[in-house]
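# Structural overview for review
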Amino acid sequence: MNRRPVFLITVLCFGFAFFYIPILSMMVYSFNGSRLATVWGGFSTKWYVSLWTNKQVIAALLLSLKIALVSATMATILGTMAGFALARFTKFRGRFVFSGLVTAPLIMPEVITGISMLMMFILLADWTGWPGQRGFTTVTLAHITFSMVFVTTIVQARLGQADRAIEEAAMDLGSRPWQVLRDVTLPTAFPAILSGWLLAFTISLDDVVITSFTTGPGSTTLPLLIWSKVKLGVTPDINALATITVVVVGIGVALAGWILNRAEKRKLLEERMAFRSNE
Amino acid sequence: MAETRLSRWFNRKGWSDLIIAMPYLWLVLWFMVPFLIVLAISVASQKPTAPPFGYGGEDPWISLRGYQRLFTDDLYIRSFFISLMNAGLATILCLLLGYPMALGLTRVSKSWRSILLMLVILPFWTSFLLRVYAWMGLMGKSSWFNQLLTDIWNFVVPLNWALKSIPMMNTNFAVVLVMVYTYLPFMILPLYSSLERLDPTLDEAAMDLGSRPFRVFLDVTLPQSMPGIIAGGLLVFIPAAGELVIPTLVGDASSPMIGRVIADEFNSARDWPMASTVAVALLVLMVLPTMLYSRYQAKAEGREAAK
């Protein structure tokens, strides 16, 4: 293609403007001195200060982080097991149902997942007395359930691509099965497990719908707090909170991208060197 | 797939049973059982007890009245229609905007490409709720964006059509717009990965044989990117059809989408059976396109194998 694709570049520019203008506008208005969220009233950082001293926000953030840490870790353990089972145990009884069970939560609308779990918790509490109070435990259970299947999908795909002959070769060379698992399978799957954990963590940290159904009084996560405020309209302190989120995430993603990019470049360089020395 | 020695060892030691059983039981207990409960409650009748449903009474053991209402009550028919329309529109608009964007991404230089891809993914990692919220700030009556659009509108149309502000909030238009905004990355990424794999020499060959660029696009690029289009379409349509957050925040309360109807039946009306019935119906609606997709995929794989 020698011609510059003018149309495509134009759409690309429009698309990125569409992506980022709302976010940038929100960031600018977080420094708005006016109480009216959409009318400019001079530069001010007071919303950041009020956010920092807001005990409710801090408590909600801590609860969200606690739930996300526990649920992502549990989801990674269970999800990796399921992904490993589906990729390595080709025939077992109930495989068909099992593979259906790890796909269904991916397409299940969140409202239905939320309501079905809430109904179950209420019925369970009716019959057995547990869970007497919905909160951290019930939300974490729900988050584990719907985020573990994402981990499974990633791990299964990674192990499916990996060459199983290497595992066989290690066995042939006299490794014990658990050694193969530790030295071959786990390192192969590790990037997938890590990105699965990260995905589960962010899904949990971000969830509103399922959390709103499975939580109880007194257990408000950060998205739920934002949800209850935002339902009443635009407020400047949420603008400030959003700005902090975007900046933190932006730095994180840029850093991860930079590290990956550097690793890629080094790999390329090494390959080129190896190629040269063969000549 | 042949049994490997590793998996045989796992089987012999009984480890495999444990590895399968733990996630299996978890999903059965916390996903399948709740769903079966919904299925069971969908054929119950509403009762003034706690929990507010029961079987028997004036109804026969199983009540199909909920399913009957689904097809006779205006509220449900309308909400299903609106959901399908909003989700369908959002999917089409995502495709129309996402396709040239994905194609454009394959045409820029390598170093630009990785930066731009990161910029597509970045909003993913920020909160979904906050992305919806960002549009609430833009669409409000007194916001700069609304005022800008109003000025443009007033400039274009005759004087007696002039507006003070454009009514955007709490409309279906707002719902579709915000859906396009939040789900566009889901469309761009699969499209990009299927377009990136295309062989550019095919384009060159078609050009050399005298095709005009647009014909090359129609005859060469578009058919080959079909898997990406279908995958992206499903990734947008399925979550959009069951969406609850967007219609609650920016939608029109008098024409709710199904997700909101389910939540309202459950929370406000305390009608568990009807909420379950609508949920089951919504699920049927989601499963259909997914099954079509897997059939399409199986067919495509069969074609690959036949080659």
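In this text the structure is predicted, and so the values were computed from the model without any measurement. (Residues numbered from 1 in each chain as written. Chains lettered and ligands numbered in written order. Predicted model: local features only at pLDDT ≥ 70, side-chain atom pairs only at ≥ 80, totals over all residues.)

### A short note on the environment of A256 of chain A
Residues and elements named next belong to chain A. Mapping A256 onto the fold places it in helix α11 (residues 236-278). Classification of A256 as partly exposed rests on a count of 13 C-beta atoms within 10 Å. Between the alpha carbons of A256 and T45 there is a distance of 29 Å; along the sequence they are 211 residues apart. (Helix = DSSP H or I, 4+ residues; strand = E, 2+ residues; numbered from the N terminus. Buried ≥ 20, exposed ≤ 12 C-beta atoms within 10 Å, placed from the backbone.)

### Brief notes about the nonpolar core
Among the nonpolar cores identified, the biggest contains 149 residues, and I115 of chain A together with V132, W135, V178, Y183, V250 and I262 of chain B are the most heavily contacted of them. Considering each element in turn, this core owes the most residues, 17 residues, to helix α8 (residues 172-196) of chain B. Residue contacts for I262 of chain B: discarding those within four places in its chain leaves V111 and I115 of chain A together with A275, V278 and A279 of chain B. (Core = buried A, V, L, I, M, F, W, Y, C linked by C-beta atoms within 7 Å. Contact = placed C-beta atoms within 7 Å.)

### Quick word on the interface of chain B and chain A
If you look at the interface, chain B gives 69 residues, while chain A gives 73 residues. Those elements that place two or more of their residues in the side of chain B that touches chain A are α1 (5-13), α2 (15-41), α4 (74-107), α5 (110-125), α6 (128-139), α12 (245-250), α13 (258-267) and α14 (272-306) of chain B. Top element by residues in the side of chain B that touches chain A is α2 of chain B. It accounts for 17 residues. Classifying every residue of the side of chain B that touches chain A by side-chain character gives 52 nonpolar, 14 polar and 3 charged. (Nonpolar A, V, L, I, M, F, W, Y, C, P; charged D, E, K, R; others polar.)

### Considering unusual backbone geometry
The linkage connecting W130 of chain A with the following residue, P131 of chain A, adopts the cis geometry, with an omega of -5°. Looking at the element boundaries, P131 of chain A is found in the loop between α5 (110-128) and α6 (136-161). Cis geometry marks the peptide bond from A50 of chain B to P51 of chain B; its omega dihedral reads -10°. A positive phi angle is found at R270 of chain B, which is not glycine, with a value near 50°.

### Structural notes on the packing of α13 of chain B against α14 of chain B
When two helices pack together, their arrangement is captured by the angle between the axes and the distance separating the axes. All names here are of chain B. Between α13 and α14, the shortest axis-to-axis distance is 8 Å and the interhelical angle comes to 160°. The angle between α13 and α14 places the two elements in the roughly antiparallel class. Every pair of crossing elements has a handedness; the one defined by α13 and α14 is left-handed. On the side of α13, the interface is formed by I258, V261, I262, E265 and F266, while α14 contributes W272, M274, A275, V278, A279 and L282. Classifying every residue of the contact of α13 with α14 gives 10 nonpolar, no polar and 1 charged. (Axes fitted to C-alpha atoms, helices over the stretch in contact; angles between N-to-C directions. Parallel < 35°, antiparallel > 145°, perpendicular 65-115°, else oblique. Left-handed = near helix turned anticlockwise from the far one by under 90°.)

Keep in mind these numbers describe shape, not what the thing actually does.
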